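Listed below, chain by chain, are the residues.
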Amino acid sequence: MLYGIAAATTALLLTALLAALLRLPALRFGVLDRRCRRPLPLLGGVAVALVTCLVAAAGQWTRFAPLGPEIMRLLVAAGAVAVLGLVADVRRVKARFLVGGTAVAAACVVPYGDTGILLGLVAVGWIVLVAVGFKALDHADGLVGTVGVLTAFGVGVCAAAEVMDELAVLLSVLAAALTGFLMHNWHPARIGLGACGSLFVGFVLASSAVMVRAGRDPVSSAGVLYSLTALATADLLLVALSRRLAGRPLLRRGPDHLAHRLRRIGLTPQGAAVLLGVAGFAGMLVGVLVHMGWMARSGALWVGVGALIAVFALLHIKPYGPRRQPYFPVGDPVRPPVQATSSQVRAPLRVRNG
């Protein structure tokens, strides 16, 4: 217990410090998210991943909290996913490169002895889906950090209930690291997670949840796993449906995620993050209660129904505005001539009286 508290405190402080230090190198070398009005440095994910892995490995090295082979394999695979995401932050890479690399890492951590080959392959697909979902959630200040902390807390409670102390310590360290990162990522954000951090967080959380539920009833496990990460999968479903209905390419970026739509109906950036955090907490709480046996399996079904209702309600908020026309200063030789419309040609000249 004392080591867990010390490890979490260390992770929080180190991440807050390292995230502040990495902001300048990100600005210096152009590792930025240029989709924002103000370019956002993207090396915050390096701080979260590095501190989480180092603090957890310190427990193994000092023998205060030996991790065991499964947790060590999870850390190595998650580190590889973080490196893959860092490459995507520095240089633009194809989506299939990220998905394929994450799938290979997920295939190395699934406990096939408890799940079997078929369910193990399903678990690999689910881990990839959640990791990509957390990457998609990284579209608003403070959102991934808030949802990540809550999900890590929920999965950590499930791990502690199964006497998986090493996994519970790892998740507490991850939650503390994300809390330290949130000190710099709450609106207005000074640094972002990027693909490095968001993929790392989603991968660790999804893999940990699979380890906790391995060997249990597949139907109830599917409900628990979905409830713990319902917000990330709901965002993916919303974006996929929206782009499909609008005839837009699925991989084309746009302001069509959860927080974007909430902003369009008048919520502030902080309000959207808090509201989505509450929604993520509700799903996580149901997942924990079902896992502990304190709620019927139908509770997870209600989480799915609520998510679908929210997705279809938000679909009515139109996220795609008219395409902006390029700006040409007056007198620019390449400025195209202004074409008068037919209504402008036929309309009589109106003079305001008085």
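Predicted model only: the values in this text are computed from it and were never measured. (Residues numbered from 1 in each chain as written. Predicted model: local features only at pLDDT ≥ 70, side-chain atom pairs only at ≥ 80, totals over all residues. Heavy atoms only, no water.)

1. Re the overall build of the protein chain
- Per the secondary structure count, the protein chain includes 14 helices and two strands.
- Considering the protein chain as a whole, with its 354 residues, one finds that 47% of them fall into the buried category. (Helix = DSSP H or I, 4+ residues; strand = E, 2+ residues; numbered from the N terminus. Buried < 20%, exposed > 50% of the residue type's maximum accessible area, 1.4 Å probe, protein only.)

2. Section: the packing of helix α12 (residues 269-292) against helix α13 (residues 298-314)
- Running from amino to carboxyl end, α12 crosses α13 at an angle of 165 degrees, the nearest separation of the two axes being 9 Å. In this view, α12 runs roughly antiparallel relative to α13, as classed from their interaxial angle. As α12 runs across α13, the sense of the crossing is left-handed. Taken together, the residues of α13 that come into contact with α12 (itself represented by Gly283, Val286 and Val290) are Gly299, Ala300 and Val303.
- Partitioning the contact of α12 with α13 into residue classes produces four nonpolar, two polar and no charged. (Axes fitted to C-alpha atoms, helices over the stretch in contact; angles between N-to-C directions. Parallel < 35°, antiparallel > 145°, perpendicular 65-115°, else oblique. Left-handed = near helix turned anticlockwise from the far one by under 90°. Contact = heavy atoms within 4.5 Å. Nonpolar A, V, L, I, M, F, W, Y, C, P; charged D, E, K, R; others polar.)

3. Some words on the nonpolar core
- Within the largest apolar cluster, 97 residues are counted, with the highest numbers of intra-cluster contacts made by Ile127, Leu167, Phe200 and Phe203.
- Per element, the largest residue contribution to this core is 13 residues, and it comes from helix α8 (residues 194-213).
- Here Leu167 is in contact with Ile71, Leu74, Ala159, Ser208, Met211 and Val212, once residues within four sequence places are set aside. (Core = buried A, V, L, I, M, F, W, Y, C linked by side-chain atoms within 4.5 Å.)

4. Let's talk about helix α6 (residues 143-161)
- Look at α6: 27 Å from first C-alpha to last across 19 residues, which is about the 27 Å you get at 1.5 Å a residue.
- At the C-terminal side of α6, Val163 shows a positive phi close to 55 degrees. (Expected span 1.5 Å × (residues − 1).)

5. Topic: the confidence of the model for the protein chain
- Per-residue confidence for the protein chain gives a mean pLDDT of 88; residues scoring 70 or more make up 90%.
- Within the protein chain, the element-level pLDDT minimum falls on helix α14 (residues 342-346), averaging 41, and the maximum on α8, averaging 97.
- Under a pLDDT of 50 for its full length, residues 332-336 has, in the predicted model, five contacts with residues more than four places off or in other chains. (pLDDT = per-residue confidence, 0-100.)

6. Considering the pattern of salt bridges
- Within the structure shown, the criterion is met by three salt bridges.
- Residue Glu162 is joined to Arg216 by a salt bridge in which the shortest nitrogen-to-oxygen separation is 2.5 Å. Taken together, the positions of Glu162 in the loop between α6 and α7 (165-185) and Arg216 in the loop between α8 and α9 (218-228) put the pair 54 residues apart, joining distant regions of the chain.
- Taking the relative accessible area as the measure of exposure, Glu162 reaches 28% and is therefore partly exposed.
- Arg243 is the partner of Asp256 in a salt bridge, and the nearest nitrogen-oxygen pair spans 2.7 Å. Placement of Asp256 in the loop between α10 (230-246) and α11 (258-264) and of Arg243 in helix α10 is noted, with a sequence separation of 13 residues between them.
- With a relative accessible area of 0%, Asp256 lands in the buried category.
- Taking relative accessible area as the criterion, Arg243 reaches 6% and is therefore assigned buried. (Salt bridge = Lys/Arg side-chain N within 4 Å of Asp/Glu carboxyl O.)

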